[in-house]
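# A closer look at the structure
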Amino acid sequence: MNIRHTLAAALLGAGLTASALAAGPMQKTQAPGFYRMMVGDFEVTVLNDGTVGLPVSNLLQNPAGKDASVAALARAYLKDPVETSVNAFLVNTGSKLVLIDAGAGSLFGPTLGKLHASLKAAGYTPDQVDEIYITHMHPDHVGGLSADGKPLFPNAVVRADQRDQAFWLSQARLDAAPADAKGFFQGAMASLNPYVAAGRFKAFDGDTELVPGVRAQAANGHTPGHSTYRIESKGETLVLWGDLMHVGAVQFMTPAVTIAFDTDQKAAYAQRAKAYADAAEKGYFIGAAHLSFPGLGRLRAADGGAYVFVPANYRSAP
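Residues numbered from 1 in each chain as written. Predicted model: local features only at pLDDT ≥ 70, side-chain atom pairs only at ≥ 80, totals over all residues. Heavy atoms only, no water.

### Observations concerning the pairing of strand β13 (residues 227–233)
Most of β13 sits inside the fold, with six of its seven residues counted as buried. The pairing of strand β12 (residues 214–218) with β13 spans five bridges and is antiparallel. Note on β13: the bridge partner recorded for Val-214 is Ile-231. Here β13 pairs with strand β14 (residues 236–240) via five bridges, running antiparallel. From the neighbouring strand, Ile-231 faces β14, where its bridge partner is Leu-238. Between β13 and β14, which pair antiparallel and follow one another directly, the connecting turn spans two residues, one of which, Lys-234, has a positive phi of 50°. (Buried < 20%, exposed > 50% of the residue type's maximum accessible area, 1.4 Å probe, protein only. Helix = DSSP H or I, 4+ residues; strand = E, 2+ residues; numbered from the N terminus. Pairing = 2+ DSSP bridges.)

Here it is in structure tokens:
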């Protein structure tokens, strides 16, 4: 008797058939995503809102031309559309629970809007969040704040730079915007206005310490009030960049590459160049909204004005 017949006989003897060993159906989903690290005494939890496919070689404004962006993507084994992460960051200072950015909610399609599931998986509930700091009011950073005209974080105060408030929450600017840009204004209004109406939106002006150890830093360019956030505890630092950059495979090699979403591309590049140089010189951790989840690492300067991103080493406990 050959091996095949022997196996069949064994299955029949156990009351099984070959079909009983068939593989289960493919699930084609990921688990809710979170990743923790410590910054001094602060616990930082990165929350995954999902990924979205973006035609980045068309969106990027590369001084060397589109082909240079395509080649840079290819070197990283990527091609359009690039599955692009949307990350948010939860900072537990011990006395305050602060969420930085809130994901896309329902504003950016079905592959995003997973922040609340990730928050729950990380052991928290929306009512525990004390404050929410917004890097800027694009839909993939504010959409998770509200639904059906109601705040989803019932106890939180939302804060953002007053320049973004004046720009994105302006009915006059919405009315004057071209048709393909109106959705950005409408998304910001739908997400933020429930907090404004409840008296729980508080704008700030540029560089501001918001709670001890968490400081807003003006980084205007991507939007008029784009902000980064500096987290400091016990001599350790993490700077959360928001949308200072989008496509690591291209923009670390060539920082001058901007993106069509930038309100002021010249200013956005200047802010990126400054942030890259500071991070590489001082060696602190950075986190970015659109680096592949969890989007944490350090920067090292390379030849010719390029930089190398060094992802944070994975740890099973923070």
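Following the structure, the description resumes.
### A closer look at the sheet that holds strand β11 (residues 208–211)
Taken in spatial order, the seven strands make up an open sheet running β11-β12-β13-β14-β16-β17-β18, and their pairing is mixed. What marks the edges here is a single partner per strand, and that holds for β11 and β18 (307–311). Here the average twist between neighbouring strands, direction ignored, is 30°. When strand β17 (residues 296–301) meets β18, the two strands line up antiparallel, connected through five bridges. Residue pairing for β18: Arg-300 is matched across the bridge by Val-308. Set on the sheet, helix α10 (residues 265–282) makes contact with β12, β13, β16 (285–287), β17 and β18; between it and β17 the angle comes to about 90°. (Axes fitted to C-alpha atoms, helices over the stretch in contact; angles between N-to-C directions. Contact = heavy atoms within 4.5 Å.)

### Overview of helix α3 (residues 66–75)
Burial in α3 covers these residues: Ser-69, Ala-72 and Leu-73. Relative to the axis of α3, the buried residues are bounded by an arc of 100° and lie together on one face. For α3, the exposed residues lying more than 90 degrees away from the buried face are Asp-67 and Arg-75. Summarising the contacts, the buried residues of α3 are in contact with α2 (56–59), β3 (60–61), β4 (82–92) and α9 (248–251). (Arc of directions from axis to C-beta.)

### Observations regarding the packing of aromatic side chains
Tallied over the full model, the rule gives eleven aromatic pairs. The interplanar angle of 25° and the centroid separation of 5.7 Å between the aromatic rings of Tyr-133 and Tyr-229 together place this pair among those described as stacked. You can see Tyr-133 sitting in strand β6 (residues 131–133) and its partner Tyr-229 sitting in strand β13, a full 96 residues away along the chain. You'll find Tyr-133 and Tyr-229 in the same group, each marked buried. Between Trp-168 and Phe-184, the ring centres sit 6.3 Å apart and the planes meet at 35°, which makes this aromatic pair tilted. Taken together, the positions of Trp-168 in helix α6 (residues 162–168) and Phe-184 in helix α8 (residues 182–197) put the pair 16 residues apart, joining distant regions of the chain. Each member of the aromatic cluster is reached from another via a ring pair, and the members are Trp-241, Phe-252, Tyr-276, Tyr-307 and Phe-309. When the ring centre of Tyr-284 is taken as origin, the NZ or CZ atom of Arg-230, which lies over that ring, is 5.2 Å away. The aromatic ring of Phe-285 is capped on one face by Arg-298, whose charged end is 3.8 Å from the ring centroid. (Phe/Tyr/Trp six-rings, centres within 6.5 Å; stacked < 30°, edge-to-face > 60°. Lys NZ or Arg CZ within 6 Å of the ring centre and 35° of its normal.)

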